[in-house]
Amino acid sequence: MGLGFNGDGNIPELDLKATPSGKHHGLLANTAEILRLNTVGGVAPAGSCTPGAIVGVPYRADYVFVQN
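This structure is a prediction, so every number in the text was calculated from the model and none was measured.

Thresholds, definitions, all that
Residues numbered from 1 in each chain as written. Predicted model: local features only at pLDDT ≥ 70, side-chain atom pairs only at ≥ 80, totals over all residues. Heavy atoms only, no water. Helix = DSSP H or I, 4+ residues; strand = E, 2+ residues; numbered from the N terminus. Rg over C-alpha atoms; globule rule 2.2 N^0.38 Å. Patch = residues over 30% accessible without salt bridge, like charges linked within 9 Å, V, L, I, M, F, W, Y side chains within 5 Å. Areas by Shrake-Rupley, 256 points an atom, 1.4 Å probe, with all protein chains shown as cover. Salt bridge = Lys/Arg side-chain N within 4 Å of Asp/Glu carboxyl O. Buried < 20%, exposed > 50% of the residue type's maximum accessible area, 1.4 Å probe, protein only. Lys, Arg positive; Asp, Glu negative; His and termini not counted. Polar contact = N/O pair within 3.5 Å; in protein donor to acceptor, adjacent residues only side chain to side chain.

Engineer: Would you mind showing me how to read the overall build of the protein chain here?
Structural biologist: A count of helical and extended segments in the protein chain gives zero helices and four strands. Secondary structure elements of the protein chain occur, N-terminal to C-terminal, as β-β-β-β. For the protein chain, the C-alpha radius of gyration of 16 Å lies well beyond 11 Å, the compact-globule estimate for 68 residues. Structurally, the protein chain occupies a C-alpha span of about 45 × 30 × 15 Å along its principal axes.

Engineer: Even after reading the chapter, I still don't get a nonpolar patch on the surface, so can you show me in this structure?
Structural biologist: A cluster of nonpolar side chains, namely Leu-27, Leu-28, Tyr-59, Tyr-63 and Phe-65, defines an oily patch on the protein surface of about 580 Å² accessible area. Assignment of secondary structure puts Tyr-63 in strand β4 (residues 59-67).

Engineer: What is the right way to read the pattern of salt bridges from this model?
Structural biologist: Pairs can form between side chains of opposite charge whenever their charged atoms are close. In this structure the tally under the stated criterion is two salt bridges. Asp-15 is the salt-bridge partner of Lys-17, the closest N and O atoms lying 3.9 Å from each other. Classification of Lys-17 as exposed rests on a relative accessible area of 56%. On the accessibility criterion, Asp-15 (15% relative accessible area) is buried. In this structure, Lys-17 engages Glu-33 in a salt bridge whose closest nitrogen and oxygen atoms are separated by 3.1 Å. A residue pair is termed long-range when its members are at least 10 positions apart, and Lys-17 in strand β2 (residues 13-17) and Glu-33 in strand β3 (residues 31-41) qualify at 16 residues. When salt bridges with common partners are traced through the structure, they connect Asp-15, Lys-17 and Glu-33 into a single cluster.

Engineer: Would you mind showing me how to read unusual backbone geometry here?
Structural biologist: Positive phi values are uncommon outside glycine, yet Asn-38 reaches one of about 55 degrees. Structurally, the position occupied by Asn-38 is in strand β3. In this structure Asn-38 comes out as partly exposed when scored by relative accessible area, which is 46%.

Engineer: Any chance you could explain the side chain of Glu-13 here in plain terms?
Structural biologist: Relative to the helices and strands, Glu-13 resides in strand β2. No salt bridge is formed by the buried Glu-13. Its closest oppositely charged neighbour is Arg-36, at 8.1 Å. A polar side-chain atom of Glu-13 sits 2.8 Å from the main-chain amide nitrogen of Asn-38.

Below you can see the structure in the form of structure tokens.
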């Protein structure tokens, strides 16, 4: 994993190495790496939470799928 911090209030950028598993066919079969870039938002709210409450935390990002 790599990349990382992308400013306060934004979830980190991410670089994931893909590991093949299962059958070797399909849309993502030849994916070697997945990048999450240009993230905006997505950080959990500060403070305590109410048990059972569901809170949406919007974010946007660009995802890049690198093929073998």
